[in-house]
Amino acid sequence: MIKDKPAYELIRSSRRTLALEVTTDCRVLVRAPMRASRRHIDEFVAGHTAWIEKHLNRQQSRRESRPEPTAQEREAYIRRAMAELPGKVARYSTVMGLYPAGLTITGARTRFGSCSGKDRICFSWRLMQYPEAAIDYVVVHELAHIRHKDHSQAFYDCIAQVMPDWRERRALLRQ
């Protein structure tokens, strides 16, 4: 698929090192210092063709397994998220004794949920494409961040108290 040097988009900035990224839409980005020569950049990319090919194939597989929903499907997922997630948050909040300052539904593509420093929780409507067990895991995960702002052992212990099978549920998100 990839020969000597794959096509890439170059982004120059005040950084000190070269970096590669394969985006979700299968573009290859190279971030480079302002003063890096084109030859040096080309050699860097050519030296990473196996890595680029592996990640392009991975992104292509992801795109095929979870195609972007149509506008109608997206609206249905948003409605479902707004209908179901507040109830799930309320139920698990009571069980865990952790209450968010607010709840927002977003269209985030790279994360299913987040918890701000002020304990506001956001969920992506894209989460609604996954099984109930996975959705419940993300709700518990984000609520646990109210108490633990990191991914420490104490954080996972907090999740395990409510959801002993959290590892299996998390695995559903990675399929």
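For every chain, the first residue of the written sequence is number 1, and numbering continues from 1 along that sequence. Thresholds applied to this predicted model are a pLDDT of at least 70 for local features of residues and 80 or more for the giving and counting of side-chain atom pairs; totals over whole chains, interfaces and linings are not thresholded and use all residues. In computing side-chain values, all of the structure's heavy atoms are included and hydrogens and water are not.

Undergrad: Give a description of helix α3 (residues 71-96) that names residues and reports values.
TA: Only DSSP runs of H or I reaching four residues or more are called helices, and only runs of E reaching two or more are called strands; each is numbered from the N terminus. Helix span is expected to be 1.5 Å times the residue number reduced by one. Its 26 residues place the ends of α3 36 Å apart at the C-alpha level, agreeing with the 38 Å of an ideal helix rising 1.5 Å per residue. Regarding α3, the residues found buried are Ile-78, Ala-81, Leu-85, Lys-88, Val-89, Tyr-92, Ser-93 and Met-96. Gly-97 lies just past α3 and shows a positive phi near 70°. Burial here depends on accessible area, computed with a 1.4 Å probe over protein chains only, as a share of the maximum for the residue type. Under 20% is buried, over 50% is exposed, and the range in between is partly exposed.

Undergrad: Which residues make up unusual backbone geometry, and what are the values?
TA: One non-glycine residue, Cys-26, lies in the positive phi region at around 65°. Secondary-structure assignment places Cys-26 in the loop between β2 (19-22) and β3 (28-33).

Undergrad: For the pattern of salt bridges, give the residues involved together with the corresponding values.
TA: A side-chain nitrogen of Lys or Arg and a carboxyl oxygen of Asp or Glu constitute a salt bridge if their distance falls within 4 Å. Counted according to the given criterion, the structure contains 14 salt bridges. Between Glu-43 and Arg-39 there is a salt bridge whose closest N-O contact spans 3.3 Å. On the criterion of helical spacing, the pair formed by Glu-43 and Arg-39 is a turn pair, its members being four residues apart in helix α1 (residues 38-46). The class of Glu-43 is partly exposed, set by a relative accessible area of 45%. For Arg-39, a relative accessible area of 63% translates into the label exposed. Salt-bridge contacts for Arg-80 lead to Glu-84; the nearest nitrogen and oxygen are separated by 2.9 Å. With Arg-80 and Glu-84 both in helix α3 and four residues apart, this pair spans about one turn of that helix. Among the charged side chains, a network of salt bridges with common partners joins Arg-80, Glu-84, Lys-88, Glu-132 and Asp-136.

Undergrad: A description of the sheet that holds β2 should follow, citing residues and the corresponding values.
TA: Here, a strand pair is defined by DSSP locating no fewer than two bridges between the strands. Taken in spatial order, the three strands of this open sheet run β1-β3-β2, and their pairing is mixed. Each edge of the open sheet is held by one strand with a lone partner, namely β1 (9-13) and β2. Neighbour-to-neighbour, the strand axes of this sheet turn through a mean angle of 25°, independent of strand direction. Here four bridges tie β2 to β3, and the two strands are oriented antiparallel to one another. Here, axes are lines fitted to C-alpha atoms. For helices the fit covers the stretch in contact, and angles between N-to-C directions go from 0 to 180 degrees.

Undergrad: Could you give an account of the state of the cysteines, with specific residues and numbers?
TA: Only a pair of cysteine sulfur atoms within 2.5 Å counts as a disulfide in this structure description. Under the criterion given, the structure shown has zero disulfides. Residue Cys-122 stays outside any disulfide, its sulfur separated by 8.9 Å from that of Cys-115, the closest cysteine. Note on Cys-122: relative accessible area 23%, which makes it partly exposed.

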